[in-house]
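Okay, here's what each chain looks like letter by letter:
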Amino acid sequence: MPSIGGVDVPNWCVAAGAAVLTPAAVYAYLLRQGRARQAFFADTPQPKEPGPIFAGIVELEKIQGQRPIEPVKKHFKDLGLTWGVRLPVWLFPNMEFMLFTADPAIIGEIQSKKDLFHSRPSGTGFDTTMPKGLLALRNTGPQSSWALHRRLVAPLFSDKFLEGYSSQVSEKADMLRFVLNANIQEGEVECDIQNYMKFVTLDVIGSIGFGFNSKATMTLLPEQHPKALSKAETERELSFSDAGELLLFETQRRTGEPSFAKYWPPRYMRWLSVQKVLGKRIDEVLESGTVDNSRLNMLKALQDAHEEGRKMSKAELRDEILTLLMAGHETTGYTTSWALLEVARNPEVQEKILAEASTLDLDNMQLTHVQGSLPYTWMVWQEALRLRPTVIGHVRQAEADVTLGGKYSIPRGTLLVISQLMLAHNEDTWGSDVMDFRPERMEKGYPDMYLPFGFGGRACIGKRLAYVEGVYLLAFIVKNFNLRIQEGSPAPTPKVSITQSSEDGINLLMSKRRQ
Ligand code: HEM
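By the naming in an unreviewed UniProt entry, the protein goes by Cytochrome P450 734A1 (Protein PHYB ACTIVATION-TAGGED SUPPRESSOR 1) and is assigned to Durusdinium trenchii. For the record of the protein, the UniProt heading Cofactor (unreviewed entry) holds the text "heme".

See the structure below:
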């Protein structure tokens, strides 16, 4: 029996006391933190908050939540010209201050203060799923692992590499055409193009990233088709695709959750299986001779890359290639799917892409020629990415105390969430037709506040590949298929996780074009 101040206290009393006092202490702590945050940001304009503790989270969900376009429009209306105000939120369990902003002036200032805002915060899921990859590493100066990785990874997106990837991308596009043709046969057939794009971009990154002949797209062939994959092949392809999805899902889940939660047995077992599938693929490339290394691939190139003799370790290579897999496939696939939706909705846009693509030999096109040869299609993809930014917010952490906007003091460690979604729908920047799809608005270049790939030293390193691959696939599909949407079909419901996709797919009526 425990003794308190010389008095013996029964165990049940201690347990009951703890049961009452612990939640009370936690609540008192949260309340104090919430009030401290409110006091700290007292001079910061903000929408009316429902309560001091979780108010920020509620607001954030309203703005960045599951159906982002509608809340954005509402905030426009509710907040008028101050729309995009700095929204201070306090985020449990990181116990940090967080500032949500869509104010172009403040964002401009954040961009210019490069030395203060050069890293994402710690505590994101990337820290434990791929801690030695670019998305997780912190920038602590030119000698840091992040800086070294950035220098070693950058050449993978140079002209030389893009040329090396070209035949692999057109091989995957050809596979996509084959599978779509097999599913469409005659007349018009409804196809979930988002699903096709997800698989084909996975096959691209499987090939150029891991160096194996990935063919997940073939799993979409009708079962009775003579070229349909065997059961074992289908399982192999889908296990890679499932592992990629689980990796993304687990990363997202781990953001901001206590570190022990990931050890929940069913989750942990799934995680081990993901590591096994992906790790096996990586080992195949690095160690065995069974992989066709004549295919230029990122993993092999990174294995050989060095700077003054400093190379990536095996663990670094593994995390970097997983980072490139995760960052580089769904992003491009979803952006291109949203673009195809707009193309199907706007027949005149489709005609213009067709006119541009019909004279080109897309089957043998170098990726380095995409921008010069497909300028209109390029704008279409760019405008689709504005209207539906695939990554809807960018995160940075203040490295030191700083004052923004001349009066808002931001303590060191504050998280800054920059709403790319709200920036992309700001009437002041884009004009009163901001909600319309109008590729021509990109004709004269885009404003500084077009940030779908982030900004500064941490901006997306794969932007060039994303553009050329996405624009190429867009032109390729339009050249081979006519796209339409079913009259009266409801608009897709956006689903926001790390990337923005459509919850119910993107269903288009597709028919073969006569060549
Ligand atoms: C439509 C396609 C894509 C979009 C919208 C996109 C968007 C982004 C964004 C917003 C960031 C964060 C930038 C910041 O914090 O300032 C990012 C980072 C990154 N992206 Fe992309 N991305 C795309 C495609 C790709 C591709 C194809 C790859 C590579 C195969 C890639 C690799 C990366 C990597 C490695 C980072 C982390 C960079 C660092 O922190 O140093 N992305 N991307």
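1. Looking at the nonpolar core
In this structure, Leu 156, Tyr 165, Met 298, Tyr 472, Leu 483 and Met 510 are the most contacted members of the largest nonpolar core, which totals 110 residues. Looking at which element gives the most residues to this core, the answer is helix α19 (residues 463-480), with twelve residues. Setting aside its immediate chain neighbours within four residues, Leu 483 contacts Leu 340, Val 343, Ala 344, Gln 350, Ile 477, Val 478, Leu 508, Leu 509 and Met 510. Counting 16 residues, the second-largest nonpolar core is a separate cluster that includes Val 402, Tyr 408, Ile 410 and Phe 455.

2. Thoughts on the packing of helix α8 (residues 193-210) against helix α9 (residues 231-254)
The description of two helices packed together rests on the angle between their axes and the distance between the axes. Between α8 and α9, the shortest axis-to-axis distance is 11 Å and the interhelical angle comes to 95°. Taken as axis vectors, α8 and α9 run roughly perpendicular relative to one another. Taken together, the residues of α9 that come into contact with α8 (itself represented by Lys 198, Phe 199, Leu 202, Gly 206 and Phe 210) are Leu 238, Phe 240, Ser 241 and Glu 245. Considered class by class, the residues forming the contact of α8 with α9 number five nonpolar, two polar and two charged.

3. Notes on the coordination of the iron atom of the ligand
Counting protein donors to the iron atom of the ligand gives just one, Cys 460 (SG), placed at 2.3 Å. Note on placement: Cys 460 falls in the loop between α18 (427-430) and α19.

4. Quick notes on helix α7 (residues 159-184)
Here α7 contains 26 residues, and its C-alpha end-to-end distance of 36 Å stays within 8% of the 38 Å for a straight helix at 1.5 Å per residue. A bend of about 35° at Tyr 165 is the largest found in α7.

5. A short note on the sheet that holds strand β12 (residues 481-484)
Taken together, the three strands give an open sheet; going across it, the order is β5-β15-β12, and neighbouring strands pair in antiparallel fashion. Edge strands, defined here as strands with exactly one partner in the open sheet, are β5 (189-192) and β12. Strand-to-strand twist in this sheet, taken as the mean axis angle between neighbours without regard to direction, amounts to 45°. The sheet contact formed by β12 and strand β15 (residues 507-512) spans four bridges and is antiparallel. Residue pairing for β15: Asn 482 is matched across the bridge by Ser 511. Sitting on the sheet, α8 is in contact with β5 and β15, with an inclination near 50° to β5. Here α19 sits on the sheet and contacts β12 and β15; the angle it forms with β12, its principal contact strand, is near 95°.

6. A short note on the environment of Asp 242
Note that Asp 242 resides in helix α9. When the C-alpha positions of Asp 242 and Ala 16 are compared, they lie 45 Å apart, and in sequence the two are 226 residues distant.

7. Brief notes about unusual backbone geometry
In this structure, Gln 185 is a non-glycine residue whose phi angle is positive, near 50°. Among the structural elements, Gln 185 can be located in the loop between α7 and β5. At Glu 308, a residue that is not glycine, the phi angle is positive and equals roughly 45°. With respect to the helices and strands, Glu 308 occurs in the loop between β6 (306-307) and β7 (310-311).

8. Considering the pattern of salt bridges
The full count for this structure, using the stated rule, is 20 salt bridges. As a salt-bridge pair, Glu 440 and Lys 352 come within 3.1 Å of each other at their nearest N and O atoms. A residue pair is termed long-range when its members are at least 10 positions apart, and Glu 440 in the loop between α18 and α19 and Lys 352 in helix α14 (residues 347-358) qualify at 88 residues. Since its relative accessible area comes to 26%, Glu 440 is described here as partly exposed. For Glu 383, the salt bridge is made with Arg 441, and the minimal N-O distance between the two is 2.9 Å. Within this pair, whereas Glu 383 is found in helix α16 (residues 375-387), its partner Arg 441 is found in the loop between α18 and α19, the two being separated by 58 residues in sequence. By relative accessible area, Glu 383 is classed as buried at 0%. A network of salt bridges, in which partner residues are shared, links Glu 383, Arg 386, Asp 433, Arg 438 and Arg 441.

9. A few points about the site of the ligand
The environment of the ligand is formed by 28 residues, the closest being Arg 120, Trp 146, Arg 150, Arg 396 and Cys 460. Arg 396 places a polar side-chain atom, nitrogen or oxygen, 2.7 Å from an oxygen atom of the ligand. For the ligand, an oxygen atom lies 3.0 Å from a polar atom in the side chain of Arg 458. Every element with two or more residues in the shell around the ligand is listed here: α6 (145-153), α12 (314-328), α13 (330-345) and β8 (393-397). Examining the composition of the shell around the ligand, we find that four residues originate from one element, α12, more than from any other.

10. Thoughts on the packing of α13 against α19
Axis separation between α13 and α19 bottoms out at 10 Å; the angle between their running directions is 40°. In terms of axis orientation, α13 runs oblique to α19. Once α13 is placed against α19, the crossing between them reads as right-handed. Each of Thr 332, Thr 336, Ala 339, Leu 340 and Val 343 in α13 lies in contact with α19, whose residues at this interface are Ala 466, Glu 469, Gly 470, Leu 473, Leu 474, Ile 477 and Val 478.

What counts and how
Residues numbered from 1 in each chain as written. Predicted model: local features only at pLDDT ≥ 70, side-chain atom pairs only at ≥ 80, totals over all residues. Heavy atoms only, no water. UniProt positions renumbered as here; feature names shortened; annotations may be inferred. Core = buried A, V, L, I, M, F, W, Y, C linked by side-chain atoms within 4.5 Å. Buried < 20%, exposed > 50% of the residue type's maximum accessible area, 1.4 Å probe, protein only. Helix = DSSP H or I, 4+ residues; strand = E, 2+ residues; numbered from the N terminus. Contact = heavy atoms within 4.5 Å. Axes fitted to C-alpha atoms, helices over the stretch in contact; angles between N-to-C directions. Parallel < 35°, antiparallel > 145°, perpendicular 65-115°, else oblique. Nonpolar A, V, L, I, M, F, W, Y, C, P; charged D, E, K, R; others polar. Donors = N, O, S within 2.8 Å, 3.2 Å for Na, K, Ca; no water. Expected span 1.5 Å × (residues − 1). Bend = angle between axes of the 7 residues up to and from the residue. Pairing = 2+ DSSP bridges. Salt bridge = Lys/Arg side-chain N within 4 Å of Asp/Glu carboxyl O. Near = heavy atom within 4 Å. Polar contact = N/O pair within 3.5 Å; in protein donor to acceptor, adjacent residues only side chain to side chain. Left-handed = near helix turned anticlockwise from the far one by under 90°.

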